[in-house]
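Coordinate analysis (summary)
The chain contents come next:
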Amino acid sequence: MFIPTVPTPDEILDKSFSRAKKAANKVRTSKIPRHQKAKKTEEARIKTACQVTKDTLNNLLEKTPQVESMHMFYQDYIDVMVGVDQLKKSLGALNWAVGVISKFENEYVFKVRRTRPENAANIRKAAFGRISSVINQIDDDLDFLNYVKGKLRNMPTIDFEAITVVIAGFPNVGKSTILRQITPAEPKVADYPFTTHGIQIGHFEKRWKKYQIIDTPGLLDRPVRDMNNIELRAMVALEHLADVILYIFDASENSGYPLDAQMRLYEEIGHLFDTPIISVFNKMDLVENNKYLEKYISKMDKYLMISASKGSGVQLIIKELEVIENLSKS
Ligand SMILES: Nc1nc2c(ncn2[C@@H]2O[C@H](COP(=O)(O)OP(=O)(O)OP(=O)(O)O)[C@@H](O)[C@H]2O)c(=O)[nH]1
Ligand SMILES: [Mg+2]
């Protein structure tokens, strides 16, 4: 999401007041009758200061996308990342400031026009004081928008036309390795849990169909209300984007998580989402005797056994995706 650079209150005020000064100088050096100059100069200064301040805020408001009109995935994503309520409150505060400054503009221009020339500068000073006070009041909101800008800089760009496959599973089971193997994407892979914090996307095409593969942060088998914000990013992708879920088990339990726990999460995801799931047992290269897997496999109609880091079995995933995609069309 693109949010323009968010200025501080001082930056907004400096810009407005210096532009106002320039506008006033223009009037002062123009050919208007001398006795009108003081008042015309201050009037121009008030108008310009108000206009420039409003333009700056309006520009921020216009360029910040309207959360309500975005796809539900983005709405929930933004909510998880920064909080939609706080975002709306801050944008509301900017709107409020624009309205108040418009009123000042009318009020103080009117006052300057009606006053004696020697009093015009005082009225302008009073107007500037009130503009400053309003802008300083929205300091926290500007600060928050700046934080939002940073947090949403890498917001994923979703292709809503493509067949979307969301890779889910416990931490460290090889999700990102699989994304690397089936698409040209290069997510971080590391031998410790919770390497992936955000949502990573890779794309590929097969038989003229576009597939979008989404790698998510690792999940643990705990209730949604206990999940942290990083896990919730995975849930948001599962809920709003997945046409197919690729659920990855670490069959070797080498990642440190027992298969019983991995199975509980698998079943939980099955309950929560009405989406086809492909079960994938990964790290089979570390498994010498797979007898103990029987207990889990026996509950499934279909499953794949692969070794992502060795690249073996990865083609099986692509084949299975095609099968599911064809089933859903028939
Ligand atoms: N032996 C073996 N190691 C693997 C295999 N697949 C992945 N790994 C290793 O497992 C570790 C974790 O892999 P990642 O792809 O980062 O796992 P992840 O599920 O994305 O992890 P998080 O992002 O932390 O949830 C890395 O050291 C990988 O090299 C495999 O098939 N066999
Ligand atoms: Mg990862």
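Residues numbered from 1 in each chain as written. Chains lettered and ligands numbered in written order. Predicted model: local features only at pLDDT ≥ 70, side-chain atom pairs only at ≥ 80, totals over all residues. Heavy atoms only, no water.

This brings us to the packing of helix 4 (residues 84-114) against helix 6 (residues 139-151). Geometrically, a packed helix pair is captured by the angle between its two axes and the distance between the axes. Where helix 4 contacts helix 6, the axes come no closer than 9 Å and their chain directions differ by 130°. When the axis of helix 4 is compared with that of helix 6, the two are oblique. In the crossing of helix 4 with helix 6, the sense of the turn from one axis to the other is left-handed. Contacts between helix 4 and helix 6 involve Gln-86, Leu-87, Lys-89, Ser-90, Leu-91, Ala-93 and Leu-94 from the former and Asp-141, Leu-142, Phe-144, Leu-145 and Val-148 from the latter. For the contact of helix 4 with helix 6, the class distribution of residues is 8 nonpolar, 2 polar and 2 charged. (Axes fitted to C-alpha atoms, helices over the stretch in contact; angles between N-to-C directions. Helix = DSSP H or I, 4+ residues; strand = E, 2+ residues; numbered from the N terminus. Parallel < 35°, antiparallel > 145°, perpendicular 65-115°, else oblique. Left-handed = near helix turned anticlockwise from the far one by under 90°. Contact = heavy atoms within 4.5 Å. Nonpolar A, V, L, I, M, F, W, Y, C, P; charged D, E, K, R; others polar.)

This part is about the coordination of the magnesium ion (ligand 2). Coordination of the magnesium ion (ligand 2) by the protein comes from Ser-176 (OG) and Thr-196 (OG1), over a distance range of 2.0 to 2.1 Å. With a gap of 20 residues between them, Ser-176 in helix 7 (residues 175-182) and Thr-196 in the loop between helix 7 and strand 2 (200-206) connect regions that are remote in the sequence. Its relative accessible area of 7% is what places Thr-196 among the buried residues. (Donors = N, O, S within 2.8 Å, 3.2 Å for Na, K, Ca; no water. Buried < 20%, exposed > 50% of the residue type's maximum accessible area, 1.4 Å probe, protein only.)

Here the focus is the site of ligand 1. Residues in close proximity to ligand 1 total 23 residues, the closest being Lys-175, Thr-177, Phe-194, Thr-195 and Thr-196. With respect to ligand 1, the backbone of Asn-172 contributes an N or O atom lying 3.0 Å from an oxygen atom. Between ligand 1 and the protein, one listed contact pairs an oxygen atom with a backbone N or O atom of Gly-174 at 3.0 Å. Contact with the protein chains hides 90% of the accessible area of ligand 1, taken as 650 Å² for the molecule alone. (Near = heavy atom within 4 Å. Polar contact = N/O pair within 3.5 Å; in protein donor to acceptor, adjacent residues only side chain to side chain. Areas by Shrake-Rupley, 256 points an atom, 1.4 Å probe, with all protein chains shown as cover.)

Once that is clear, we can look at the pattern of salt bridges. Counting across every chain of the model gives 18 salt bridges. For Lys-54, the salt bridge identified is with Glu-105, shortest N-O distance 3.2 Å. Linking Lys-54 in helix 2 (residues 34-63) with Glu-105 in helix 4, this pair joins segments that are 51 residues apart in sequence. Each of the two residues, Lys-54 as well as Glu-105, counts as buried. For Asp-141, the salt bridge is made with Lys-89, and the minimal N-O distance between the two is 3.4 Å. (Salt bridge = Lys/Arg side-chain N within 4 Å of Asp/Glu carboxyl O.)

Put simply, an interface is often sized by how much accessible area is lost when its parts join up. As assigned here, the protein chain comprises domain 1 (9-151) and domain 2 (163-329). The distance between the C-alpha centroids of domain 1 and domain 2 comes to 50 Å. Counting residues at the interface gives 7 residues for domain 1 and 9 residues for domain 2. With both sides pooled, the region where domain 1 packs onto domain 2 buries about 740 Å², and carbon together with sulfur makes up 74% of that total. It is Phe-73, Tyr-77 and Val-80 in domain 1 that bury the most area against domain 2; as a group they hold 64% of the surface buried on that side. Between domain 1 and domain 2 we count 0 salt bridges in total. Our count for the domain 1 to domain 2 interface comes out at 2 residue pairs in polar contact (both at pLDDT 80 or more). Considered class by class, the residues forming the side of domain 1 that touches domain 2 number 5 nonpolar, 1 polar and 1 charged. (Domains from an automatic or database assignment. Buried area = accessible area lost by both parts, 1.4 Å probe.)

Right, let's talk about the packing of aromatic side chains for a bit. Counting across every chain of the model gives 13 aromatic pairs. Considering the side-chain rings of Tyr-74 and Phe-160, the 6.0 Å spacing of their centres and the 80° angle between planes classify their relative orientation as edge-to-face. Of this pair, Tyr-74 sits in helix 3 (residues 72-81) while Phe-160 sits in the loop between helix 6 and strand 1 (163-169), and the two are 86 residues apart along the sequence. A residue is classified by how much of its surface remains accessible, and Tyr-74, at 12% relative accessible area, is buried. Aromatic rings pair up to connect Tyr-247, Phe-249, Tyr-266, Phe-281 and Tyr-303 into one cluster. Positioned above the aromatic ring of Phe-128, the side-chain terminus of Arg-124 is 5.3 Å from the ring centre. (Phe/Tyr/Trp six-rings, centres within 6.5 Å; stacked < 30°, edge-to-face > 60°. Lys NZ or Arg CZ within 6 Å of the ring centre and 35° of its normal.)

In space, the 6 strands of this open sheet follow the order 2-3-1-4-5-6, with mixed pairing throughout. Two strands in the sheet have a free side with no partner beyond their single neighbour: strand 2 and strand 6 (304-305). Pairing of strand 4 (residues 244-250) with strand 5 (residues 277-282) involves 6 bridges; the strand directions are parallel. Following the sheet pairing, Asp-250 is matched in strand 5 by Asn-282. (Pairing = 2+ DSSP bridges.)

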